[in-house]
Amino acid sequence: MASKRRQDESNKTEKKKKKKNCEETAELCSVLEDEQVKSAVKEAWSHKSQYSHGDLELDCHPFPHCIIRNFLGSETFVENLQKELLGLNFHEKSNDLYKFKQSDDLRKRTEPHIAGLRTALFGRFRSWLGDMLGVELEPTVDISCARYEYTDVLLCHDDELEGRRVAFILYLVPPWQSSDGGTLDLYSTDSNFQPQSIVKSLVPSLNTLALFEVSPVSFHQVSEVLTEDKCRLSLSGWFHGPSLERPPRHIEAPIPRSPHLPRDETLLLEWVNPVYLDISYQEQIQTEFEDSSEIQLKDFLKEEKFREVSEALRLTQIQWTKRGPPNKRCYEVASLDTVPHCVSECWELLHSEAFFLLLSNFTGLRLHFLCPADDDDDEDKDEEREKEEEEDIQGGEATGSSTAAQSANTSREKELSTPVCCGELRRWTHGSYTLLHDAEAARTEYALDLVLPFCGADWQSEFGGFTCYVANEEDEELLTVYPEDNSLALVYRDKETLKFVKHVNHQSSSDSTSSSACRRLCDFSFVYYE
């Protein structure tokens, strides 16, 4: 028995040795061995100037980035690496910012070519990169594999996260053209460090490494993949080190809010489907809304009014302005002084006193002084307000008189509170979207969202353009509202709920039977506050 055990242990040792030795060595581009090139790149990077030598090219516009072609020295190694990567399990990833398939973390994968590349990247190449930047890069391994296929996209962002210093992408693609999409687009920035427009697009190329320094201005995107028969395979990750200093985040002005317009119920009678003006039906709607905090009211406008506005929205006289910046949103807004009369009337309807009262009847919210108070809801909000006031005065001495003053202010604010709204007439076409962002999360509040779409019968959910509601700081999707012609969507959200409109993809413009060969979704978007 003893000799058999020794033999088993010997076999295990041999297996371990074989496992350790199965890693394939990744030979890197010879230009990385040239000390003169490294010194020249270092100098150009520090002076933010251009430099190229052989397969290496450095450019600092709009921010420092470097391209190294033929990054891996062996074609056979590249082919085998592709095979290993395509054999991995990939998971669909989709949120406001992206849609693509990603592998598990490659940190501990033992496939010979994956392991060999990882060793070369975070060993020899990390050392070269650190010397070039004059920065001590950490040995942290941060790498994964991504597959981008038709309509997959990664929208505008800057990659900034604690510890990330340099981002890299190694392309392992078939022959690729810019018309296939999937380009790495680099953005210029304005004086507030906000992205403006794409000034450079890098077309993926087999065995090419792209890298850039993560900074407050390193805004980029992977444009939507437009080809239906190719896969954009890449390895990407970050080298970690001390982060660059970030200036204070720019806070943009919110859309102005205003009280209702003094318009009476005549407007409702002209525009709204009579079924929604029936008091007993309004009570049914309110019961349903109070249960779920959302409802869609189909055929909301009278058919002839809806058709009139639909046709008017196609007129070229309307001036549409793109609304950004692209790290927050990308869609068009109508200039209201250029819209036809019927569109202006529809806008007035949604802004009118009569409509505020109608919304109160639909939802039970106090959007009009004639709406009865919901005592339970008021108690909840008063408790929350009192809690916030207690936090404000915590740490100091709160006298009886100061507490009384706080209560008096609260009552006065409650009495003087005037329901308000803000709104836009928006147009969504291929490439439109909105993103979740820190500034929006910081100023969330109780609100009633209204969307009235004009999208045409052939608009499909696969195109995007739908609104998703998510819990703040969580991936959980709470609700998705799909646009539907003449269907008024109402959603009440609390302080912990955020929303975004999903990227409108290439399917919206392909196979279109319209003469313009491009579908458009228009909507009135209003937000009402008690």
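Cut-offs used in this document
Residues numbered from 1 in each chain as written. Predicted model: local features only at pLDDT ≥ 70, side-chain atom pairs only at ≥ 80, totals over all residues. Heavy atoms only, no water. Buried < 20%, exposed > 50% of the residue type's maximum accessible area, 1.4 Å probe, protein only. Helix = DSSP H or I, 4+ residues; strand = E, 2+ residues; numbered from the N terminus. Pairing = 2+ DSSP bridges. Axes fitted to C-alpha atoms, helices over the stretch in contact; angles between N-to-C directions. Core = buried A, V, L, I, M, F, W, Y, C linked by side-chain atoms within 4.5 Å. Contact = heavy atoms within 4.5 Å. Parallel < 35°, antiparallel > 145°, perpendicular 65-115°, else oblique. Left-handed = near helix turned anticlockwise from the far one by under 90°. Nonpolar A, V, L, I, M, F, W, Y, C, P; charged D, E, K, R; others polar. Expected span 1.5 Å × (residues − 1). Arc of directions from axis to C-beta. Polar contact = N/O pair within 3.5 Å; in protein donor to acceptor, adjacent residues only side chain to side chain. Salt bridge = Lys/Arg side-chain N within 4 Å of Asp/Glu carboxyl O.

A. Representation of the pairing of strand β22 (residues 488–493) within the structure. Most of β22 is tucked away: 6 of the 6 residues are buried. Neither face of β22 is exposed, since L488, L490 and Y492 on one face and A489, V491 and R493 on the opposite face are all buried.

B. Fine view of the sheet that holds strand β20 (residues 467–471). Strand order in this open sheet of 3 strands is β21-β20-β23, and the pairing throughout is antiparallel. Strands with a single pairing partner mark the edges of an open sheet, and in this sheet they are β21 (477–481) and β23 (497–501). Put simply, the sheet's adjacent strands are angled 20° from each other on average, direction ignored. Across 5 bridges, β20 lies against β23 in antiparallel orientation. Looking at β23, one finds that V470 is bridged to L498.

C. Molecular detail of the pairing of strand β8 (residues 164–171). Burial runs high along β8: 8 of the 8 residues are buried. In this sheet, strand β13 (residues 232–240) lies alongside β8 in antiparallel orientation, the contact comprising 7 bridges. Pairing of Y171 across the sheet is with S234, part of β13. Of the pairings in the sheet, the one linking β8 to strand β11 (residues 208–213) comprises 6 bridges and is antiparallel in character. Bridging across to β11, I169 finds its partner in A210.

D. Here's a closer look at the nonpolar core. Judged by nonpolar contacts, the single largest core of 48 residues is most densely connected at F71, L72, L81, L85, F125, L129 and L235. Among the elements that make up this core, the one with the highest residue count is helix α4 (residues 112–133) (10 residues). Sequence-distant contacts of F71, defined by excluding residues within four places in its chain, comprise E27, L28, C29, L32, L121, F125, L170, N207 and L209. Among the nonpolar cores identified, the runner-up in size contains 46 residues, and L365, L367, L452 and C522 belong to it.

E. Main features of the packing of helix α3 (residues 75–86) against α4. Close contact between α3 and α4 brings their axes to 8 Å; oriented N to C, the two are set at 115°. Relative to α4, α3 is oriented roughly perpendicular. Of the two possible hands of crossing, α3 and α4 adopt the one that is left-handed. Every residue of α4 that contacts α3 at F77, N80, L81, E84 and L85 is listed here: P112, H113, I114, G116 and L117. Within the contact of α3 with α4, the residues separate by chemical class into 6 nonpolar, 3 polar and 1 charged.

F. The packing of helix α8 (residues 341–351) against helix α9 (residues 353–363), seen in detail. Two numbers describe how α8 lies on α9: the axes approach to 5 Å, and their chain directions differ by 50°. As summarised for this structure, α8 and α9 are arranged oblique, according to the angle between their axes. Touching L349, L350 and H351 of α8 are E353, F355 and F356, all from α9.

G. Here's a closer look at the environment of L452. Structurally, L452 can be placed in strand β19 (residues 447–454). Setting aside chain neighbours within four positions, we find L452 in contact with L301, C346, N486, S487, L488, C522, D523 and F524.

H. Layout of α3. Taking 1.5 Å as the rise per residue, α3 with 12 residues should run 16 Å; its terminal C-alpha atoms sit 17 Å apart, in good agreement. Those residues of α3 that sit buried are F77, V78, L81, Q82, E84 and L85. Here the buried residues of α3 occupy an arc of 165° about the axis, which is enough to place them on one side. Facing away from the buried side of α3 by over 90 degrees, the exposed positions are E75, T76 and K83. On its buried face, α3 is in contact with β4 (90–94), α4, β6 (143–148), β8 and β13. Of the residues that open α3, the one with a side-chain oxygen 3.3 Å from the backbone nitrogen of T76 is S74.

I. Just unusual backbone geometry, in detail. With omega at 5°, the peptide bond leading from H61 into P62 counts as cis. The phi dihedral of D299 is positive, around 50°, even though this residue is not glycine. Mapped onto the fold, D299 is located in the loop between β14 (294–297) and α7 (303–312). By relative accessible area, which is 49% here, D299 ends up partly exposed. Phi is positive for E473, which is not a glycine, with a value near 65°. Structurally, E473 is set in the loop between β20 and β21. With relative accessibility at 79%, the residue E473 sits in the exposed group.

J. Representation of the pattern of salt bridges within the structure. Scanning the model with the defined rule gives 26 salt bridges in all. Where E35 meets K38, a salt bridge forms, and the shortest distance between an N and an O atom there is 3.7 Å. Here the residue E35 and the residue K38 both occupy positions in helix α2 (residues 35–46), the gap between them amounting to 3 residues, near one helical turn. Close ionic contact of R519 with D458 constitutes a salt bridge, the shortest N to O distance being 3.0 Å. Residue R519 is found in the loop between β23 and β24 (521–529), and its partner D458 is found in the loop between β19 and β20; the two are separated by 61 residues along the sequence. Sharing partners across several salt bridges, the network here consists of E92, K101, R147 and E149.

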